[in-house]
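Given next are the chains, with one letter for each unit.
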Amino acid sequence: MTPPRAWRLGYATAGFARTPDLASVLPRIRDAGFAGVEIAIGPPHVRLREPWTPSGKEARAMLDRTGLEAVVGAGARHALGPVPHEPALASADAAERAARLAFLERCLDWAADAGVSVVTAHSGPLPEGQDPREGWKHFREGMERAASRARERGLVFALEWHPAMLVGSFADWQRAAHEVPGLALALDVGHAQCTEEGPLPAFVASVAPLAAYIQLEDIRGRRHVHLPIGEGEIPFGAVFAALDRAGYAGLVTAEFHSGAIERDEGELCKETKRKLES
């Protein structure tokens, strides 16, 4: 199933979790045959101690050398601390909300310096004990400010829904997009498998025209565990045909974390490309 060339296949830096040097990861993704990359902001590939290393301008030079198209991911699990995805925009604590917003704005600035046009993020969780209405209000206010920063920097800011997060379904994303001007869709096909009803390819075809960016991983059943391609039940051939029918023309990136996968990361990258094109 050779993917239509209206869209390009990419690979996320999360697939090289044990290789901390971004400058060495990018050529390996290119050499595996991928056209693009999702760069996750946070350890191990972007170190967040001041100054952030590499800088956006340094990353731009790396991307220019490899010719890879890039998207920036601003949703790494431990970017801001040991508790996954926290602090969150929905927090009752103003300082925690400010820390997350500052991080998102810094990611947007880094992406602009890197010459990247799309930045993706998720909502983060609703913290335990937080009133859902208050949490949504804080989330909306933070996203409005982040989306405004994106517009100032000439970027597309795309929100993905994520199981167990505040924005945890396509319906939640629709609400957020209605309330936050200019918010685009980052479609994670595996998340759709977990949260949406009906045949997955039909759903993908219906929402792909809204998408600024698409992520792939394999999923078994409806359990939200990102698996390497070929180890779950996602019908990638039918999904690819759906993207073609919908006229999607952006980046489609395989995104799973290699830290717990006992395989050579370079070989896993090459194997992923082969399986996506078989």
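Placed above this text is the structure.
Residues numbered from 1 in each chain as written. Predicted model: local features only at pLDDT ≥ 70, side-chain atom pairs only at ≥ 80, totals over all residues. Heavy atoms only, no water.

1. Concerning the layout of surface pockets
Point 1. By volume, the largest pocket amounts to about 860 Å³.
Point 2. Forming the boundary of the largest pocket are 37 residues, of which Gly75, Arg77, His85, Glu255 and His257 lie nearest the centre.
Point 3. At the level of secondary structure, the elements contributing two or more residues to the lining of the largest pocket comprise strand E2 (36–40) and strand E4 (118–122).
Point 4. Across the lining of the largest pocket, the residue classes tally to 17 nonpolar, 15 polar and 5 charged. (1 Å grid on protein atoms, 1.4 Å probe; cavity = no way out; pocket = protein on both sides within 12 Å on 5 of 7 lines; lining within 4 Å. Points joined across faces, edges and corners; volume = space filled by probe spheres on them. Helix = DSSP H or I, 4+ residues; strand = E, 2+ residues; numbered from the N terminus. Nonpolar A, V, L, I, M, F, W, Y, C, P; charged D, E, K, R; others polar.)

2. Here's the deal with helix H8 (residues 236–246)
Residues spaced three or four apart along an α-helix face the same direction, because each turn holds 3.6 residues.
Point 1. Among the residues of H8, those classed as buried are Phe236, Val239, Phe240, Ala242 and Leu243. The buried residues of H8 occupy an angular sector of 155° when projected down its axis, which confines them to one face.
Point 2. Those residues of H8 that are buried lie in contact with strand E1 (8–12), helix H6 (189–195), helix H7 (200–207), strand E7 (211–216), strand E8 (251–254) and helix H9 (265–276).
Point 3. Glycine 247 sits one or two positions beyond H8 and adopts a positive phi of about 75°. (Buried < 20%, exposed > 50% of the residue type's maximum accessible area, 1.4 Å probe, protein only. Arc of directions from axis to C-beta. Contact = heavy atoms within 4.5 Å.)

3. Overview of empty space enclosed by the protein
Point 1. Under the criterion given, the structure shown has 1 cavity of 30 Å³ or more.
Point 2. Within this model, the largest cavity holds a volume of roughly 50 Å³.
Point 3. Surrounding the largest cavity, Ala74, Gly75, His85, Pro87, Ala88, Leu89, Arg100, Leu104, His122, Ser123 and Gly124 form its lining.
Point 4. Along the lines of polarity and charge, the residues of the lining of the largest cavity split into 5 nonpolar, 5 polar and 1 charged.

4. Observations concerning H9
Point 1. End to end, H9 covers 17 Å across 12 residues, agreeing with the expected 16 Å (1.5 Å per residue, within 8%).
Point 2. Every buried residue belonging to H9 is among Glu265, Gly266, Leu268, Cys269, Thr272, Lys273 and Leu276, and all of these are buried. Along the axis of H9, the buried residues cluster in a sector spanning 165°; they form a single face.
Point 3. Along its buried surface, H9 packs onto E1, helix H1 (22–31), E7, H8 and E8.
Point 4. Between a side-chain oxygen at the N-terminus of H9 and the backbone nitrogen of glycine 266 the separation is 3.0 Å; the capping residue is aspartate 264. (Expected span 1.5 Å × (residues − 1). Polar contact = N/O pair within 3.5 Å; in protein donor to acceptor, adjacent residues only side chain to side chain.)

5. Regarding unusual backbone geometry
Point 1. The step from proline 43 to proline 44 runs through a cis peptide bond, and the omega angle for that step is 5°.
Point 2. By the secondary structure assignment, proline 44 is in the loop between E2 and helix H2 (56–66).
Point 3. Here the amide bond leading from glutamate 50 into proline 51 is cis, since omega sits at -10°, within 30 degrees of zero.
Point 4. Mapped onto the secondary structure, proline 51 falls in the loop between E2 and H2.
Point 5. Residues other than glycine seldom take positive phi values, yet alanine 164 does so here, at roughly 75°.
Point 6. With respect to the secondary-structure elements, alanine 164 resides in the loop between strand E5 (156–160) and helix H5 (170–179).

6. Considering the pattern of salt bridges
Point 1. Here the structure, examined in full by the defined rule, presents 18 salt bridges.
Point 2. Residue arginine 30 is joined to aspartate 31 by a salt bridge in which the shortest nitrogen-to-oxygen separation is 2.9 Å.
Point 3. Residue classification places arginine 30 among the partly exposed residues on the basis of a relative accessible area of 32%.
Point 4. Residues arginine 149 and aspartate 109 are paired through a salt bridge, measuring 2.7 Å at the closest nitrogen-oxygen approach. One end of the pair, arginine 149, is in helix H4 (residues 132–152); the other, aspartate 109, is in helix H3 (residues 94–114), and 40 residues separate them in sequence.
Point 5. Salt bridges sharing partners connect three or more residues here, namely Glu105, Asp109, Asp113, Arg149 and Arg153. (Salt bridge = Lys/Arg side-chain N within 4 Å of Asp/Glu carboxyl O.)

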